[in-house]
There are 4 protein chains.
Amino acid sequence: MPDLDRIVKDIAEEMRARPDRGTVASYIPELARVDPQAFGLVVIDGDGRVAAGGDADSPFSIQSISKVFTLTLALGMVGDRLWRRVGREPSGSPFNSIVQLERENGIPRNPFINAGAIAVTDLILSGHQPREALGEILRFMQFVAQDNSIAIDERVAASEKRTGFRNAALANYMRSFNVIENPVDYTLGVYFHHCAIAMTCRQLATAGLFLAYSGHHPLAGHSVISAERARRINAIMLTCGHYDGSGDFAYRVGLPGKSGVGGGILAVAPGKASICVWSPGLDAAGNSHLGRIALEMLVKRTGWSIFGV
Amino acid sequence: MPDLDRIVKDIAEEMRARPDRGTVASYIPELARVDPQAFGLVVIDGDGRVAAGGDADSPFSIQSISKVFTLTLALGMVGDRLWRRVGREPSGSPFNSIVQLERENGIPRNPFINAGAIAVTDLILSGHQPREALGEILRFMQFVAQDNSIAIDERVAASEKRTGFRNAALANYMRSFNVIENPVDYTLGVYFHHCAIAMTCRQLATAGLFLAYSGHHPLAGHSVISAERARRINAIMLTCGHYDGSGDFAYRVGLPGKSGVGGGILAVAPGKASICVWSPGLDAAGNSHLGRIALEMLVKRTGWSIFGV
Amino acid sequence: MPDLDRIVKDIAEEMRARPDRGTVASYIPELARVDPQAFGLVVIDGDGRVAAGGDADSPFSIQSISKVFTLTLALGMVGDRLWRRVGREPSGSPFNSIVQLERENGIPRNPFINAGAIAVTDLILSGHQPREALGEILRFMQFVAQDNSIAIDERVAASEKRTGFRNAALANYMRSFNVIENPVDYTLGVYFHHCAIAMTCRQLATAGLFLAYSGHHPLAGHSVISAERARRINAIMLTCGHYDGSGDFAYRVGLPGKSGVGGGILAVAPGKASICVWSPGLDAAGNSHLGRIALEMLVKRTGWSIFGV
Amino acid sequence: MPDLDRIVKDIAEEMRARPDRGTVASYIPELARVDPQAFGLVVIDGDGRVAAGGDADSPFSIQSISKVFTLTLALGMVGDRLWRRVGREPSGSPFNSIVQLERENGIPRNPFINAGAIAVTDLILSGHQPREALGEILRFMQFVAQDNSIAIDERVAASEKRTGFRNAALANYMRSFNVIENPVDYTLGVYFHHCAIAMTCRQLATAGLFLAYSGHHPLAGHSVISAERARRINAIMLTCGHYDGSGDFAYRVGLPGKSGVGGGILAVAPGKASICVWSPGLDAAGNSHLGRIALEMLVKRTGWSIFGV
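Residues numbered from 1 in each chain as written. Chains lettered and ligands numbered in written order. Predicted model: local features only at pLDDT ≥ 70, side-chain atom pairs only at ≥ 80, totals over all residues. Heavy atoms only, no water.

Q: Explain the interface of chain D and chain C here, please?
A: Often, the extent of an interface is quoted as the loss of accessible area upon association of its parts. Between chain D and chain C, the residue contacts involve 36 residues of the former and 36 residues of the latter. Taken over both partners, the interface formed by chain D and chain C buries close to 3,100 Å², and the fraction arising from carbon and sulfur atoms is 51%. Across the chain D-chain C interface, the total number found is 8 salt bridges. Among the salt bridges present, the one from C:Arg232 reaches D:Glu296, with a minimum N-O distance of 3.6 Å. (Contact = heavy atoms within 4.5 Å. Buried area = accessible area lost by both parts, 1.4 Å probe. Salt bridge = Lys/Arg side-chain N within 4 Å of Asp/Glu carboxyl O.)

Next up, the structure:
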């Protein structure tokens, strides 16, 4: 795809030059060290063709992007029972808000806010040791990314654990409603570790292919989930994937996507491509500032919006 | 489209037979009188082909579906200045909540909750008499629906005015922040009246065609809005069109849509069709119970989900 | 009472000299014109002895202090039925918050926040014309203040009406729950007018005597309410009389009191005296800045705290 | 005091006979085992005269009543610096609400809701081992109660720890704002243990004497705190001592008081007596049902209300 290659490289160059880069997340010391100038963009289609620009092969902390994959994994394990523990409505509040939990009896609004992802992690953990659950998550990531070298950045995980009091509050709160069933420390341990997985744009774009192709992973050569489940996960990404900036992302970009405070965004153009962009500076809602702008450009130039050509 | 015709008629028949019909809105006496057995479904494509089932030509109160058209009209009048008065994020709360307004300085979260639609109405009103503004809205509806017989049900409007204290609270609250600038009674008068427009499924499906076809109305034969604006309105419908059931609608149906408490839902399959379904019984979130189920079936049988085949 | 006279005059002098004067309320243009240098303090005991300092005879807008007297009047009219419409718990939020109303089905938390006072006014209005209800309130104020010259400042009332959108929001919201039963405009009209009564410190201190003396008004020479009701109104003043600064006022001053945004505070030392202080500058919680400080001094020097010598 | 003795015994008898006994707290298994028929009432004055009725010498779990004493102790240790960590306004919400913490940057509204008491405990802990801090609290209780046999019920403490997820959520949440500085487990450990102190009505009434007598403990024979501090603690008890039933308690009883979910209430009649009542059944706001009624009777018969005779 020669044109797409040009588009991706042009965007990467434009992004490199921009002075406005957002603010690198500082709440975890390890994340604050990342170079704000970094920018990477990778687009992969169902035939495995890749268009890459910028720091396409630099690993970064995927953070909340992991929530897409833990949701996929948990749905595979417990099916629609999952929805007894987690809702699927946008939250209308910041990613780590506890207010909503009090109003709604400890049931998090969706699997992509912190509380929801912790509840999903708790479901994956059930009946396993933390180490086993984490191994399962990591192997799933390696499989969909088609790369066994993917690993957890232990320093980030440790850093997160030391400072994760807000998440500990969310977990304990849900535990008081039995929305979480395992020991809080176990669940949080697995959660902090899967958020600390380090991946490159290329790896993440590969990992998202099954969502772009109706549950079938064209490079792995077989089906990961059903077409219906893939559509549904895409729907949740569209309505809830960017915290309290989800509406704006849908409005500007028009693709299902999931962002992480590490500066990555995974986006899915159904039937067309899987996309990963990375730029560490965040906007006020906690989403990658240039990442969102780059995706807006990409969709404008390719006509990939799901809301019409 | 013979197959589509079959699908639509099958769904209408199945819906007719179902015992679960939701609860007809009772907060306005006029709405409470509607027959809960009513069901209509109309699909229209860009060539003007129509598949219709059930009560396709019974007029009903469009209520909040009017918000899609007032938003379109207001964007045409004031452009992106509109977004200084209204946000575009899902609300995470019921359609008539005032809590969010207090937290966010009187700026409603999106144009599809009541407060947001009242603020949009206020923008349309600016510098006009209520009668003029209302005339403009009605002519726009007649134009996009290609039917000059469309009218306001004055009994519903009067009924709404008599009981609309919650909306009066919202309007006065926004007025205290200067988010509304016209006399509150004027703005509410126009708002209550455009919610009281009566239309059939056939008319509403026709009216939505420009959103399905990139801003171009294939039957009117010319452009209503730009392709970009059409995509963006669709995005807002997807994330905010069903109050606090928007996430679930995206998850189950996978099309941009807007519901009204009259039991109608307008849905848009970009590039494929404009759809209107009507069944007066509502679910807990205030959206048509059978309407949503019918759309879920339609999308499953046609493969029209925007989230993948 | 020679000592008390000295104490009161000393405090008035100290207050005159202080540079920190708070901020004069600006939300009503008429209130913003008041001289921030004004300060008055009057203490009256059950024998009619008066200690006065500063601007003891300058009239000011009593604003929310009127709520003590409308509560007294309404309890006399409807008795404990009043508590079906209004709670008696501190609100934990600003004086004009609407959030609490949504959470608690339109029942205001107490009669001293705006919503609660509007609901109380609505009870007084029942079955009367606004003019009659207002006449009744005014006559009651004249009686307890023992001064028939007390009047409403019509400019303040008109000013309040023009800008009272937040109060109109509260009233309409309660009307939607049938907590208010009269036409919203009628109730608000009476409310705005009784808040606009102008009185001097001397008049207000006189008016409060029946609360300091177990319901008996020593100067009027007969009982206004029962001893039990007087105690109960004092209790509500203590817990709810200073909006979201009620706890701090109890902590620092230790007397039941009610403040108004006109800068007045009426305080009651049971069995000892009725006190009124006035200084127009407000603190962050909307209570008279120097008024509170003056009362803290007075209580320290007299040992009148209800919480121990 | 022969009359008082009669009054107390009469009330105890009346209470024994009443069928309405509220609901015994069940959230801790150990508390749920208490006999709902139990009722005790003890009044002690400054000369050490005691009027006792019912189960005056049965030990019960003091629970939140301990918060009065930890506040006293912490104020003695850090003085008014304490108010940087905790507010002193009524909360307007249930005792274990986390919503308010999010709105106010992790600063609890007052020292008598759970979050506030945990923050106070954290101040006492600073620089000590949990065991030391707990020893200090216990010795203080033994001293003011003039009884060295007072001890912690370890089964209650252990029970509380196992089920205290909501409190763990509050503590972690405050820790994320640095309102708590010690390891969360340490602070919670001390908190759970001081809530689990077991005392009788007689012991608690003795312990409250210094609050009734301007900081001076008439039986211990010396001053515990200054008169000003005693008044201020009484003020906080009045406005915040009964969770979201504080306004109602002030309205009905008219004394500073603090309740615990074990069914005890400590009340203070300044200059007159210290009172403790115990009845395990709670009302909807979490305060002793018969305890409140008994105190209302006592105050009516003695004329001890602080709001007037």
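That was the structure; now back to the text.
Q: Even after reading the chapter, I still don't get the interface of chain A and chain B, so can you show me in this structure?
A: In this complex, chain A contributes 36 residues to the contact, which on the side of chain B involves 36 residues. Buried surface at the junction of chain A and chain B, summed over both partners, amounts to about 3,100 Å²; 51% is from carbon and sulfur atoms. It is A:Arg88, A:Tyr251 and A:Phe307 that lose the most area in chain A upon contact with chain B, and together they represent 26% of the buried surface on that side. Along the contact surface separating chain A from chain B lie 20 residue pairs in polar contact (both at pLDDT 80 or more). For the side of chain A that touches chain B, the elements supplying multiple residues, two or more each, are helix 12 (227-240), helix 13 (246-252) and helix 14 (289-302) of chain A. Of all the elements, helix 12 of chain A adds the most residues to the side of chain A that touches chain B, at 9 residues. Across the side of chain A that touches chain B, the residue classes break down as 13 nonpolar, 10 polar and 13 charged. (Polar contact = N/O pair within 3.5 Å; in protein donor to acceptor, adjacent residues only side chain to side chain. Helix = DSSP H or I, 4+ residues; strand = E, 2+ residues; numbered from the N terminus. Nonpolar A, V, L, I, M, F, W, Y, C, P; charged D, E, K, R; others polar.)

Q: Explain the packing of aromatic side chains here, please?
A: Each aromatic ring pair is characterised by the separation of its centres together with the angle its planes make. The final tally for this structure, using the stated rule, is 24 aromatic pairs over all chains. Measuring from ring centre to ring centre gives 5.4 Å for A:Trp83 and B:Tyr251, while their planes differ by 75 degrees; the resulting arrangement is edge-to-face. Here A:Trp83 is found in the loop between helix 3 (66-78) and helix 4 (99-103), whereas its partner B:Tyr251 is found in helix 13 (residues 246-252) on a different chain. The class of B:Tyr251 is buried, set by a relative accessible area of 7%. Relative to B:Phe177, the ring of B:Tyr173 has its centre 5.5 Å away and its plane inclined at 55 degrees; by these criteria the two rings are tilted. Its end group placed over the ring of B:Tyr243, B:Lys258 keeps NZ or CZ at 4.4 Å from the ring centre. Seen from the ring of D:Tyr251, C:Arg88 lies directly overhead, with NZ or CZ sitting 3.9 Å from the centre. (Phe/Tyr/Trp six-rings, centres within 6.5 Å; stacked < 30°, edge-to-face > 60°. Buried < 20%, exposed > 50% of the residue type's maximum accessible area, 1.4 Å probe, protein only. Lys NZ or Arg CZ within 6 Å of the ring centre and 35° of its normal.)

Q: Can you help me understand helix 7 (residues 154-163) of chain A in this one?
A: Each full turn of the α-helix corresponds to 3.6 residues, which orients residues three or four apart in the same direction. Residues and elements named next belong to chain A. Looking at helix 7, one finds that the buried residues are Val-156, Ala-157, Ser-159 and Glu-160. Axial view of helix 7: buried residues confined to an arc of 165 degrees, hence all on one face. For helix 7, the exposed residues lying more than 90 degrees away from the buried face are Arg-155 and Arg-162. Residue Asp-153 occupies the N-cap position of helix 7, its side-chain oxygen lying 3.1 Å from the main-chain nitrogen of Arg-155. (Arc of directions from axis to C-beta.)

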